[in-house]
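# Survey of secondary and tertiary structure
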Amino acid sequence: MNLRKLLLLVAVLIGIAAFFAFDLGRFFSLDFLKESQARFAALREQQPLALAAGYFLVYVAVTALSLPGATIVTLAGGAIFGLGWGLLLVSFASSIGATLAFLTARFLLRESVQRRFGQRLAEVDKGIEKDGAFYLFTLRLIPVVPFFVINLLMGLTTMKAWTFYWVSQLGMLAGTAVYVNAGTQLGQLESLQGIVSPGLLGSFVLLGLFPLIARKVVEAVQQRKVYAKWASVRPTTFDRNLIVIGAGAGGLVSAYIAAAVKAKVTLIEAHKMGGDCLNYGCVPSKALIRSAKLAHQMRHASHYGLTDATPAFSFKAVMQRIHDVIQAIAPHDSVERYTGLGVEVLQGHAKLVNPWTVEIALNSGGTQRLTARSIVIAAGARPFVPPLPGLDDVGYVTSDTLWDEFAQLDEVPKRLVVLGGGPIGCELAQAFARLGAQVTQVEMAPRLMVREDEEVSALAKAALEADGVTVLTGHKALRCEAVNGEKTLVVAHGGTEQRIAFDQLLCAVGRVARLTGYGLEELGIPTSKTVETNEYLQTIYPNIYAAGDVAGPFQFTHVAAHQAWYAAVNALFGDFKKFKADYSVIPWATFIAPEVARVGLNEQEAKEKNIPYEVTTYGIDDLDRAIADSEAHGFVKVLTVPGKDRILGVTIVGTQAGDLLAEYVLAMKHGLGLNKLLGTIHTYPTLAEANKYAAGEWKRAHQPHRLLAWVQKYHDWKRT
């Protein structure tokens with residue numbers, strides 16, 4: 001604590017201590033005020049300005065220090081100065097005192113609260129920035145809520161002091177007027193209960209609810225304005241409760257929830273059920289990675305006491321296995337399954353005609369129109385293809401098309417260029433290298449996987465290079481050329497151009513939301529990189545929602561499913577209660593070897609957001625099971641609140657990191673600290689023990705050294 005904070009804290013404590021030590025509270029009673037009314041009246045006649053100034057300063061001090069007695073002082077304003085001058089003095093004194101309390105709490109407490117509850121406070125600050133003035137005004141209108149509590153809590157937020165002051169001045173005016181007016185009738189008051197009658201409290205509550213009601217009215221007017229141009233086509237009845245566009249993770253979960261609560265729901269998919277994850281992403285890539293891992297283990301069998309062997313395989317058979325895996329999982333997402341669950345499934349391309357009507361160009365021919373009270377757009381994303389000159393001439397595949405394209409090949413591509421150094425590019429580059437391809441990976445950024453910490457990027461690069469991938473970071477793709485049948489990618493690095501020859505080019509530079517062809521433009525629904533939604537996943541039309549990759553901000557299957565719950569529940573039951581989508585604990589993993597998995601903050605994000613943290617690292621090379629499996633590499637890195645065991649984020653690099661992360665996801669979601677993990681029995685020998693040992697490292701770094709010194713002395717004494 002710096003000197004200024006210390007001095008302010010001492011001053012506040014002295015003021016509060018003096019109030020109680022000298023029993024100053026006896027001057028803030030109704031009896032004292034009634035007894036002294038004549039003396040105050042005489043003083044007002046003799047020295048009106050001095051009395052007004054003294055009263056004003058006392059009121060400011062009482063409210064600034066959050067002392068009991070503000071109600072009596074308010075009554076005194078009416079009793080001594082009358083309604084007009086009393087209201088003027090009390091109104092400004094109470095607002096100034098409240099603002100001083102607000103600033104004191106901010107100066108003394110906000111920094112420590114920020115360290116302890118940084119992430120949660122950030123969410124509160126977002127709400128305060130958007131609606132803080134409105135809610136403060138509402139609270140000020142209801143004197144049932146202790147004003148000193150409001151003063152102190154608001155000081156912990158980022159609300160501007162001027163906003164706090166003028167909203168408080170305006171919001172407290174009605175309540176102040178009631179109490180000052182009661183003070184003018186002081187002789188008739190027997191107790192404070194005589195002022196705050198049930199009827200008056202009820203009136204204040206209604207007054208406090210008025211802004212909320214007004215806000216609902218404003219929202220209704222705004223909605224009416226949004227829907228105005230469509231008023232003539234709004235159906236009087238609806239064919240469906242919910243229409244869902246897209247049968248990927250987001251769409252499937254939305255439809256499932258609707259059917260589970262007995263809503264009438266139609267799910268529309270233009271291509272394949274299961275969306276990107278089943279058909280082009282998670283499932284086929286993991287099947288490929290598994291085959292590649294086995295090939296790698298065969299080449300390095302000596303690590304397990306066996307003889308190294310060159311794997312003999314048919315690339316067509318490898319690709320066929322991938323398609324077999326897709327087919328084996330497909331029934332989970334099939335038309336038949338969802339029809340059995342009560343979902344109507346239509347296969348065709350959906351387009352919004354108006355906010356309630358969807359037109360479907362059926363794959364079987366013809367069109368169909370359906371109306372619904374609510375609509376969820378879950379159209380997913382597609383690979384981004386960079387606008388490289390000559391790209392179409394040389395040909396390329398994406399993470400969507402390679403599964404069918406490569407299935408036609410007799411052998412693994414001899415020379416494969418992977419454009420992109422993100423998770424998709426890294427996974428596919430390593431997998432094809434392990435299957436025998438000569439892989440060159442090109443990334444414009446200075447390192448791979450730039451969202452991760454630098455040591456994670458370095459470890460990923462080393463792992464890929466160990467498997468034979470030529471990793472070129474800091475290389476910008478310029479164009480593609482085909483000369484005499486030789487296809488090349490031209491890149492720039494260090495001011496010079498280089499040519500990389502290839503047989504196949506894989507574009508894996510990210511994915512973009514599917515935003516066109518669904519009628520969004522015609523309805524005027526704003527889009528940038530994704531469909532713009534509010535915290536409830538609503539578009540500008542409150543009955544139209546978006547979920548999954550098309551909504552962002554994360555492009556993960558599990559996040560799409562997570563969002564789908566909010567979209568479906570809000571769409572079906574939002575008239576009663578709406579839920580804000582919660583992104584506080586989002587895990588993800590990159591399935592290279594070793595795997596990289598993360599939840600919450602990493603170091604670079606904590607630094608960018610200026611969030612204080614401590615780092616605890618446990619090396620998996622020390623773990624018994626990892627040693628037994630010849631997988632003794634990687635680490636568990638935990639970020640915690642300084643001096644506390646509360647987890648801010650975790651990064652795990654190592655075999656099965658994605659599975660190991662689940663324990664930390666659970667802990668963060670339910671507020672469990674490292675001490676709880678340390679006290680949990682983990683089966684021996686398992687990889688999951690790494691989580692316990694990481695907690696042990698934190699505990700070791702936070703030993704109570706002074707206490708242990710005394711314990712040692714105790715044991716020394718016991719031996720004598």
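This report concerns the structure included in the present document. (Residues numbered from 1 in each chain as written. Predicted model: local features only at pLDDT ≥ 70, side-chain atom pairs only at ≥ 80, totals over all residues. Heavy atoms only, no water.)

Moving on to the packing of aromatic side chains. Inspection of every chain in the model, using the stated rule, returns 17 aromatic pairs. Grouped by ring-pair contacts, the aromatic residues F554, F556, Y583 and W588 constitute a single cluster. For the cation-ring pair, K5 lies above F107, with the distance from its terminal atom to the ring centre recorded as 5.9 Å. (Phe/Tyr/Trp six-rings, centres within 6.5 Å; stacked < 30°, edge-to-face > 60°. Lys NZ or Arg CZ within 6 Å of the ring centre and 35° of its normal.)

In this section: the packing of helix α11 (residues 282–299) against helix α16 (residues 423–434). The angle between the axes and the distance between the axes are what describe a pair of packed helices. At a minimum axis distance of 8 Å, the contact between α11 and α16 shows a crossing angle of 40°. By the angle between their axes, α11 is oblique relative to α16. The two elements α11 and α16 cross, and the hand of that crossing is left-handed. Where α11 abuts α16, its residues S285, K286, L288, I289, A292, K293, A295, H296 and R299 lie against E427, L428, A431, F432 and R434. Here the residues of the contact of α11 with α16 are counted per class, giving seven nonpolar, two polar and five charged. (Axes fitted to C-alpha atoms, helices over the stretch in contact; angles between N-to-C directions. Helix = DSSP H or I, 4+ residues; strand = E, 2+ residues; numbered from the N terminus. Parallel < 35°, antiparallel > 145°, perpendicular 65-115°, else oblique. Left-handed = near helix turned anticlockwise from the far one by under 90°. Contact = heavy atoms within 4.5 Å. Nonpolar A, V, L, I, M, F, W, Y, C, P; charged D, E, K, R; others polar.)

We now examine unusual backbone geometry. In this model, A593 is joined to P594 through a cis peptide bond whose omega is 5°. Residue placement: P594 occurs in the loop between β17 (587–590) and β18 (595–600). Y684 connects to P685 through a cis peptide bond whose omega is -10°. Of note, N610 is a non-glycine position whose phi angle comes to about 55°, a positive value. Among the secondary structure elements, N610 is positioned in the loop between α20 (603–608) and β19 (614–619). With relative accessibility at 65%, the residue N610 sits in the exposed group. (Buried < 20%, exposed > 50% of the residue type's maximum accessible area, 1.4 Å probe, protein only.)

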